[in-house]
Amino acid sequence: MKKVVKFGGSSLASAEQFKKVGNIIRSDAERKFVVPSAPGKRNDKDTKVTDMLYGCYALADAGQDFHGELQAIRDRYQQIIDGLELPLSLEEEFAQIEKQFKEKAGSNYAASRGEYLNGIIMSAYLGFEFVDAADVIYFDENGEFDPDRTNDVLSARLAGCESAVIPGFYGSMPDGRIKTFSRGGSDITGSIVAKAIKADVYENWTDVSGVLVTDPHIIENPEPIDVITYRELRELAYMGFPVLHEDAIFPVRQMGIPINIRNTNAPGDSGTWIVGSTCQKSRFVITGIAGKKGFCAINIEKDKMNSEIGFGRKVLQAFEDSGISFEHVPSGIDTLTVFVHQDEFMHKEQKVVAAIHRMAEPESIEIESDLALVAVVGRGMKSTRGTAGRIFSALAHNNVNVKMIDQGSSELNIIIGVANEDFENAIRAIYDIFVIAQL
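If you're wondering where the values come from, they're calculated on a predicted model, not measured in any experiment.

**Describing the packing of aromatic side chains**
- For the structure shown, the criterion picks out 11 aromatic pairs.
- Aromatic side chains Tyr 57 and Phe 101 sit 5.2 Å apart centroid to centroid with 80° between the ring planes, which places their arrangement in the edge-to-face category. In this pair, Tyr 57 is assigned in helix H2 (residues 49-61) and Phe 101 in helix H4 (residues 91-102), connecting sequence segments 44 residues apart.
- Owing to a relative accessible area of 6%, Tyr 57 belongs among the buried residues under this scheme.
- Note on Phe 101: relative accessible area 0%, which makes it buried.
- In textbook terms, an aromatic cluster arises when at least three aromatic residues are bridged by ring pairs, as seen for Tyr 57, Phe 66, Phe 101 and Tyr 109.
- The aromatic ring of Tyr 116 is capped on one face by Arg 113, whose charged end is 4.3 Å from the ring centroid.

Right under this line is the structure:
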């Protein structure tokens, strides 16, 4: 078997954490391709190296002295090197970084150096070959990831490597400039590498023992998920599930490569398996609960709307013309409601309302703000009767008023709209009825 292992920032925040990672990699000869993040926080009051780099570059870009901040970053890495007792110097790399900062190479370049430097340390520590992501991961002239070119070059490059470290988070533009993925992009790099080498497993090591049923900030010590499908995770990630960057799913999904979410601080835990499909039933009827606050609903009413061809298109055209994407569009015979992000809509609301009046000629438009959406996701819901009824019974019992319900034809998820102030209470009520009641 071939395994790609990606380690997050908390897993590589210090020399002590590096040693844990080294033990994990050396304990399994199949772990030959490693994708490291930049050092994260060592404690709650600490600062991530990526944030230190952003701050340092901001000073350089403004023409201010940044040497003190750069020295603090140099010290962070030196502490790791000293703790690992490595005969390694990063002076040449930091001299180049200082030069590039003075020449204002850009914030993408600055942010990428966290992973780049950690990759050099990791390769020296493990004795693996270092492969600079800028040489094998590509973006096009519009700054969009180029999957075909990347896969061709990366596959060929790694075919000649017995073992390698490839830094996460960044690649290069056609002109050679460094370009980063969005925050959490090291997850994407790991997935890209797994696809390129046709890995059997992509292990994503972090500071939690897998995916949890819901947000631990709302539910104390929520139950872990043993197995979750790509589709389920995609639905949950879209609604703010914090474990894995949602774009990291696609490269491995195309190849049918499972993802195993593991805990660096508890390597004995089996974690969560993310798979294409499975015959394994989830422990509970639902797999996960996620949600977001900050939506508003635009309720549009017109008699005989259902028989008017093109009515929905005209309404949505008003949002598209203002550059606003919609989340959900539940409808009735004479009504249609559009849910959108409130912060995107609020500054353009009158422009959109006027456009709807002009193009669709509704009889009334009402706007309701400060709403939240809660997604209840689970492959087990399709074969279980009364799931929706149990959700609404639990919400009613906890005095949560439901503003909207939307269920896809796949019966994989149910979306519920509630007031922002009822968001946490709604998640607790759903968790209690589907998880606590079944333990």
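**A closer look at the pairing of strand E16 (residues 413-419)**
- In terms of residue burial, E16 counts as a mostly covered element, since seven of its seven residues are buried.
- Two elements, strand E14 (residues 364-377) and E16, share seven bridges in a ladder whose sense is antiparallel. When the sheet's bridge partners are listed, Val 376 is paired in E16 with Ile 414.
- The pairing of strand E15 (residues 404-407) with E16 spans four bridges and is classified as antiparallel. Among the inter-strand pairings, Gln 407 is bridged to a residue of E16, identified as Ile 414.

**Considerations on the sheet that holds strand E10 (residues 272-275)**
- The eight strands lie next to each other as E3-E4-E2-E1-E7-E9-E10-E8, forming an open sheet whose pairing is mixed. Bordering the open sheet on either side are strand E3 (129-130) and strand E8 (227-229), each of which pairs with just one other strand.
- As judged from the five bridges shared by strand E7 (residues 201-206) and strand E9 (residues 259-263), these two strands associate in the parallel manner. Considered in E9, the bridge of Trp 205 is made with Arg 262.

Rules of the game
- Residues numbered from 1 in each chain as written.
- Predicted model: local features only at pLDDT ≥ 70, side-chain atom pairs only at ≥ 80, totals over all residues.
- Heavy atoms only, no water.
- Phe/Tyr/Trp six-rings, centres within 6.5 Å; stacked < 30°, edge-to-face > 60°.
- Helix = DSSP H or I, 4+ residues; strand = E, 2+ residues; numbered from the N terminus.
- Buried < 20%, exposed > 50% of the residue type's maximum accessible area, 1.4 Å probe, protein only.
- Lys NZ or Arg CZ within 6 Å of the ring centre and 35° of its normal.
- Pairing = 2+ DSSP bridges.

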